[in-house]
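Letter by letter, the chains look like this.
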Amino acid sequence: MSKLNKDARYPVTMTLNGEEVTGHAEPRMLLSDFLTHEIGITSCHVGCEHGVCGACTVIVDGTVMRGCLTLAVQADGTTVETAESLASKDGKLSELQLAFKKHHGLQCGYCTTGILMSLTAYLEENPKPTEEELRDMLSGHLCRCTGYVGIVKAVLDYCENSTE
Amino acid sequence: MKPKAFDYLKVSSAEEAVVALAQGGEDARIIAGGLSLMPMLNFRLAEPSILIDISKVDSLNYIREADGHVEIGAATRQADLMRWDGLADKLPLVNAALPYVGHYQTRAKGTVCGSLSHADPSSELPLCLAVLEGEVDLQSTNGKRTIPADQFQTGMLSTAKQAGEMITAARYPTAKDGCGYAFTEMAQRRGDFAIVALAAIASAKSIKLGIGGVADRPTVREWDLLEGDALNNALNEFAWDLGGYDDIHATARYRRELVRRLGRRVIEEAKTCRS
């Protein structure tokens with residue numbers, strides 16, 4: 001690969017939630033800004049922009065990562081999943097999303113999309129976490145509405161009763 | 001905030017990376033996982049002219065056991081090490097420390113060598129390297145050199161790595177028969193920066209304690225097998241020698257108290273898990 005110039009914009013193509021999309025990015029553009037401003041999705045929320053709050057968490061090539069600590073040019077040629085991938089095309093919520101709704105796992109919803117993407121990756125590795133394991137994993141996200149109680153209940157209920 | 005503009009080069013080998021580093025001059029920076037560097041860029045605490053991305057260099061992505069140590073390549077992620085089969089057996093101290101390194105979400109992309117390179121005084125992986133007396137491999141266009149852990153980190157966020165050099169690997173010595181290893185830390189939340197991090201090794205003859213988060217770098221001290229008041233006195237002296245600092249999370253006094261109390265606890269734990 002040749003060097004990308006700081007003042008130029010480069011095409012970035014990725015498979016986003018199953019569809020190929022292309023936008024343009026300077027080397028310094030964050031993946032979170034690229035997804036929001038270039039592509040126009042609304043689920044990659046920017047909270048702190050230094051990797052602490054977890055609101056921008058997305059899955060890139062199967063690995064969970066902070067959108068604000070990833071460059072758009074690094075995601076060129078990758079497969080990216082965001083919270084838009086969770087519900088079906090007709091708007092029917094996934095079982096995990098329904099569990100969040102049932103247990104009041106969200107209020108303002110700002111942190112929720114990132115948490116859902118973390119869970120999507122985490123529950124693949126560990127489908128039946130204990131509450132302690134789950135709370136440890138959730139320590140990578142800040143939620144100021146729920147006190148995490150509803151989130152924990154939602155996930156444990158989902159893990160117990162999911163038919164997916 | 002957003003990073004200041006920089007050039008970007010994704011490389012496919014360490015050789016290519018060091019050439020780019022040499023051409024880029026003092027402001028060129030290596031990026032692997034980016035979990036430490038990207039926040040610095042977003043805050044504009046670092047303003048590199050060029051970022052050289054080694055995250056996709058396959059030859060730097062490995063965990064290899066040989067000659068009494070485990071060698072970890074510069075592109076190897078913390079989560080890869082955590083999933084490595086031999087971890088609990090070969091590197092029990094690192095195995096105990098890794099769950100404290102950031103969060104599930106940051107370990108997925110953050111690298112072991114990136115943490116060493118960032119050299120935060122409260123980081124767990126540099127502390128483990130210091131206590132185990134590991135080494136760091138550096139490479140530049142002038143060649144390669146190896147630096148022992150106690151000479152690598154030279155202060156807060158500073159290392160012996162010169163401009164034009166990159167870390168290619170780190171070596172953590174494997175567990176020795178008859179030794180026990182223990183790790184603990186105090187932080188505001190699990191995964192946050194440690195207020196004090198402690199790593200202990202107990203052998204049949206001695207105890208070794210490493211402290212992070214109090215001085216400007218991981219600090220290690222070794223004693224004979226002390227017990228009771230003698231151990232308390234040694235820990236107290238160690239705590240005062242480290243000094244400590246006040247910040248928004250804790251006072252220097254509280255940090256010293258943690259060294260005294262948790263120091264005792266982590267040493268006892270290391271003694272009980274001697275093999």
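Residues numbered from 1 in each chain as written. Chains lettered and ligands numbered in written order. Predicted model: local features only at pLDDT ≥ 70, side-chain atom pairs only at ≥ 80, totals over all residues. Heavy atoms only, no water.

## Topic: the domain arrangement of chain B
Residue and element names in this part refer to chain B.
Thought 1: Domains assigned within chain B are domain 1 (7–53), domain 2 (58–173) and domain 3 (180–272).
Thought 2: The C-alpha-based centres of domain 2 and domain 3 are spaced at 21 Å.
Thought 3: Each side of the interface is counted separately: domain 2 has 23 residues, and domain 3 has 26 residues.
Thought 4: Carbon and sulfur atoms make up 65% of the surface buried where domain 2 meets domain 3, a total of about 2,100 Å² over both sides.
Thought 5: Looking at the side of domain 2 facing domain 3, the largest losses of area belong to Y100, L127 and V131, adding up to 31% of the total buried there.
Thought 6: There are one salt bridge connecting domain 2 and domain 3.
Thought 7: When the shortest N-O distance is used, the salt bridge between E133 and K208 registers 2.6 Å.
Thought 8: The interface formed by domain 2 and domain 3 contains five residue pairs in polar contact (both at pLDDT 80 or more).
Thought 9: Contributions of two or more residues to the side of domain 2 that touches domain 3 are made by α5 (92–97), α8 (124–132) and β8 (153–155).
Thought 10: For the side of domain 2 that touches domain 3, the element with the highest residue contribution is α8, accounting for seven residues. (Domains from an automatic or database assignment. Contact = heavy atoms within 4.5 Å. Buried area = accessible area lost by both parts, 1.4 Å probe. Salt bridge = Lys/Arg side-chain N within 4 Å of Asp/Glu carboxyl O. Polar contact = N/O pair within 3.5 Å; in protein donor to acceptor, adjacent residues only side chain to side chain. Helix = DSSP H or I, 4+ residues; strand = E, 2+ residues; numbered from the N terminus.)

## Examining the packing of aromatic side chains
Thought 1: The full count for this structure, using the stated rule, is three aromatic pairs over all chains.
Thought 2: Measuring from centroid to centroid gives 5.0 Å for A:Y122 and B:Y104, while their planes differ by 80°, and the two rings are edge-to-face. Within this pair, whereas A:Y122 is found in helix α3 (residues 112–125), its partner B:Y104 is found in helix α6 (residues 104–107), the two belonging to separate chains.
Thought 3: Classification of A:Y122 as buried rests on a relative accessible area of 8%.
Thought 4: Note on B:W223 and B:F238: the rings are 5.9 Å apart at their centroids and 80° apart in plane angle, and the pair reads as edge-to-face. (Phe/Tyr/Trp six-rings, centres within 6.5 Å; stacked < 30°, edge-to-face > 60°. Buried < 20%, exposed > 50% of the residue type's maximum accessible area, 1.4 Å probe, protein only.)

## Let's talk about unusual backbone geometry
Keep in mind that most residues, glycine aside, have a negative phi and that most peptide bonds are trans.
Thought 1: A positive phi angle is found at A:E49, which is not glycine, with a value near 60°.
Thought 2: Within the fold, A:E49 resides in the loop between α1 (31–39) and β3 (57–60).

## Observations concerning the interface of chain B and chain A
Accessible area lost upon the coming together of the parts is a frequently used measure of interface size.
Thought 1: Facing 33 residues of chain B, the contacting portion of chain A comprises 34 residues.
Thought 2: Carbon and sulfur atoms make up 55% of the surface buried where chain B meets chain A, a total of about 3,000 Å² over both sides.
Thought 3: A per-residue breakdown of the area chain B buries against chain A is headed by B:Y8, B:Y104 and B:Q105, which together make up 25% of the total.
Thought 4: Taken together, chain B and chain A are joined by five salt bridges.
Thought 5: The partner of A:K3 in a salt bridge is B:D7, and the shortest N-O contact between them spans 3.7 Å.
Thought 6: Connecting chain B to chain A are 20 residue pairs in polar contact (both at pLDDT 80 or more).
Thought 7: Listing elements by their share of the side of chain B that touches chain A, those giving two or more residues are β1 (7–10), α2 (37–42), β3 (50–53) and α6 of chain B.
Thought 8: The element best represented in the side of chain B that touches chain A is β1(B), accounting for four residues.
Thought 9: Taken together, the residues of the side of chain B that touches chain A break down into 15 nonpolar, seven polar and 11 charged. (Nonpolar A, V, L, I, M, F, W, Y, C, P; charged D, E, K, R; others polar.)

## Things to note about the state of the cysteines
Residues and elements named next belong to chain A.
Thought 1: For the structure shown, the criterion picks out zero disulfides over all chains.
Thought 2: Note on C48: no disulfide assigned, nearest cysteine sulfur contributed by C53 at a separation of 3.9 Å.
Thought 3: Residue classification places C48 among the partly exposed positions, given a relative accessible area of 23%.
Thought 4: The structure places no disulfide on C56, whose sulfur is separated from the nearest cysteine sulfur, that of C68, by 3.8 Å.
Thought 5: Taking the relative accessible area as the measure of exposure, C56 reaches 4% and is therefore buried. (Disulfide = S-S within 2.5 Å.)

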